[in-house]
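# Close look at the chain arrangement
If you want the building blocks of each chain, they are given just below.
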Amino acid sequence: MSLLVKNIAKIVGIETSGRLRVCGEEMDRVETLDNGWLTADNGRITGFGTSDSQPDESLFDRVVDAQGGMLYPSFCDSHTHIVYAGSREQEFLDKINGLSYEQIAKRGGGILNSADRLHETSEDELYAQAMQRVREVALMGTGAIEIKSGYGLSTEDELKMLRVIRRIKESMPMEVKATFLGAHAVARQYIGRQAEYVNMVCDEMLPAVADQGIAEFVDVFCDKGFFTIDETRRIMRKGASYGLKAKIHANELDVSGGVQLGVEEGAMSVDHLERMGSAEIEALKGAETMPTMLPGAAFFLGMSYPPAREMISSGLAVALASDYNPGSSPSGNMRMVMSLASIKMKMTPNEALNAATLNGACAMGLSGEYGSITVGKVANFFITKPMSTPEFFVYAYATPLIERVFLRGEEFN
């Protein structure tokens with residue numbers, strides 16, 4: 001179906017150079033166009049321009065009046081754990097009462113709690129719960145999303161999670177990428193036998209995942225109290241033998257070496273990065289690996305934030321993602337993520353937008369198709385209520401400004 005959107009006060013996030021990522025000082029530049037229109041057909045953007053060159057409305061199947069709102073490319077959220085059972089608000093109270101993330105995990109809480117609940121939840125119920133969250137984030141502007149397993153911690157339950165992710169992909173017009181994260185924690189029954197658990201991940205889980213063809217990436221929680229550098233390398237290389245590109249949870253709790261390992265092994269991204277220093281920044285220079293920051297987790301856990309300013313000043317591209325999960329970031333609101341990036345990490349609104357759109361798409365290998373307003377890209381965008389400036393979108397972080405959402409050129413509601 002052909003679509004014309006008219007009366008757009010400002011199109012934000014235009015990309016015409018063909019770049020797949022934005023780096024360094026370029027991150028503070030966002031191309032815009034005032035008094036615009038945009039067209040789409042068969043789910044892809046076919047044109048945009050200023051009102052004096054707007055095509056004849058009668059040529060389109062549908063005409064949408066933006067009514068003076070702004071038009072943005074949809075967010076590309078490259079790190080979520082959105083498939084889970086129930087919630088963990090008791091741990092929220094534990095945090096208020098002074099327990100750290102590590103202390104909760106050592107008491108058998110955290111990821112292991114979610115694994116217990118997921119094991120007891122049917123696949124259909126798990127899908128129904130996850131779809132509520134996926135619809136929620138779509139209506140908040142997300143048009144491409146990565147979803148991890150990792151609350152199964154057994155071959156059967158990891159496959160159950162990945163089948164749910166596949167059903168989401170088949171049900172939703174947004175782009176969905178699936179990541180196998182069997183090495184999220186050591187399963188309860190393997191505590192004290194971590195080497196045996198890693199053997200199971202490599203010799204049983206990964207072959208089963210590859211056989212069913214239900215994941216595109218493999219991830220490992222490479223950090224203090226979780227998986228070592230050597231274990232992470234082994235899992236990454238085993239995944240690579242099955243064609244699964246690596247992602248790594250790195251440097252959330254300690255300087256783990258995960259960043260350097262990710263670069264060495266050609267990981268798609270290294271994510272979290274709350275514990276970053278000059279060595280990690282130096283390792284990322286010139287690398288294809290996308291450093292991805294998750295300020296929602298730092299906010300919720302009361303942790304330090306990644307050194308975004310130093311990373312950008314060093315010429316790096318950076319991405320932002322929500323880390324939507326029940327224990328450390330129970331929100332998929334990417335606009336709030338952008339605001340946290342500006343408030344807590346001193347990223348400009350332009351830098352935050354590039355990080356949440358084009359660079360987020362790049363962290364999933366999707367920036368050729370998503371992440372900007374570009375002729376030929378998938379027509380994923382949203383329209384805001386009238387605003388004074390694009391900066392207002394990040395500044396007024398709790399005001400409901402997203403008015404209409406379009407995925408693959410069709411309105412989503």
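What you are looking at is a predicted structure, and each value in this text was computed from that prediction instead of being measured.

Let us now look at empty space enclosed by the protein. Over the atoms, a rolling probe the size of a water molecule traces out where space has been left empty. Applying the stated criterion across every chain yields a total of 4 cavities of 30 Å³ or more. In this structure, the second largest cavity encloses a volume near 60 Å³. As for the second largest cavity, its lining consists of Val12, Tyr72, Met338, Pro349, Asn350, Leu353, Pro390, Glu391 and Val394. Those elements giving two or more residues to the lining of the second largest cavity turn out to be helix 13 (349-356) and helix 15 (390-395). Tallied by class, residues from the lining of the second largest cavity come to 7 nonpolar, 1 polar and 1 charged.

Considered as a void within the structure, the second largest pocket measures approximately 170 Å³ in volume. Around the second largest pocket sit 17 residues that line it, and Ile14, Glu15, Arg19, Arg29 and Glu31 are the ones nearest its centre. Here the lining of the second largest pocket is composed, by residue class, of 5 nonpolar, 7 polar and 5 charged.

This part takes up unusual backbone geometry. Positioned with a positive phi, Asn7 is a non-glycine residue whose angle comes to about 55°. Relative to the helices and strands, Asn7 resides in strand 1 (residues 3-14). The class of Asn7 is partly exposed, set by a relative accessible area of 42%. In this structure, His272 is a non-glycine residue whose phi angle is positive, near 105°. Examined against the element boundaries, His272 turns out to sit in strand 11 (residues 269-272). For His272, a relative accessible area of 2% corresponds to the buried category.

This next bit is on the pairing of strand 14 (residues 381-384). Where burial is concerned, the two faces of strand 14 agree: the one with Phe381 and Ile383 and the one with Phe382 and Thr384 are both buried. Direction of pairing for strand 5 (residues 70-73) relative to strand 14: antiparallel, over a ladder of 3 bridges. The partner of Leu71 across the bridge, within strand 14, is Ile383.

The next thing to look at is the pattern of salt bridges. Throughout the structure, instances matching the rule amount to 25 salt bridges. Measuring nitrogen to oxygen at the nearest pair gives 3.6 Å for the salt bridge that ties Arg19 to Glu26. Overall, Arg19 belongs to the partly exposed group, its relative accessible area being 30%. The exposure class of Glu26 is partly exposed, given its relative accessible area of 31%.

Bringing helix 6 (residues 194-212) into the picture now. With 19 residues, helix 6 extends 26 Å from end C-alpha to end C-alpha; this agrees with the ideal 27 Å at 1.5 Å per step. At Val201, helix 6 shows its largest bend, some 35°. For helix 6, every residue scored as buried is listed here: Tyr197, Val198, Met200, Val201, Cys202, Met205, Leu206, Ala208 and Val209. Following helix 6 by one or two positions, Gly213 adopts a phi angle in the positive range, close to 60°.

Quick look at the sheet that holds strand 8 (residues 175-183) now. Strand order in the open sheet formed by 8 strands is 6-7-8-9-10-11-12-13, with parallel pairing between adjacent strands. Since the sheet does not close on itself, it has two edges, and those belong to strand 6 (75-77) and strand 13 (319-320), each with one partner. Two strands pair when backbone bridges link them, and strand 7 (residues 142-148) and strand 8 are joined in this way by 5 bridges, in the parallel orientation. Counted as the bridge partner of Ile147 is Ala178 from strand 8. Its contacts with the sheet put helix 6 on strand 8 and strand 9 (217-222), and the angle it makes with strand 8 is roughly 150°.

Here is what the cut-offs are and how they apply
- Residues numbered from 1 in each chain as written.
- Predicted model: local features only at pLDDT ≥ 70, side-chain atom pairs only at ≥ 80, totals over all residues.
- Heavy atoms only, no water.
- 1 Å grid on protein atoms, 1.4 Å probe; cavity = no way out; pocket = protein on both sides within 12 Å on 5 of 7 lines; lining within 4 Å.
- Points joined across faces, edges and corners; volume = space filled by probe spheres on them.
- Helix = DSSP H or I, 4+ residues; strand = E, 2+ residues; numbered from the N terminus.
- Nonpolar A, V, L, I, M, F, W, Y, C, P; charged D, E, K, R; others polar.
- Buried < 20%, exposed > 50% of the residue type's maximum accessible area, 1.4 Å probe, protein only.
- Pairing = 2+ DSSP bridges.
- Salt bridge = Lys/Arg side-chain N within 4 Å of Asp/Glu carboxyl O.
- Expected span 1.5 Å × (residues − 1).
- Bend = angle between axes of the 7 residues up to and from the residue.
- Contact = heavy atoms within 4.5 Å.
- Axes fitted to C-alpha atoms, helices over the stretch in contact; angles between N-to-C directions.

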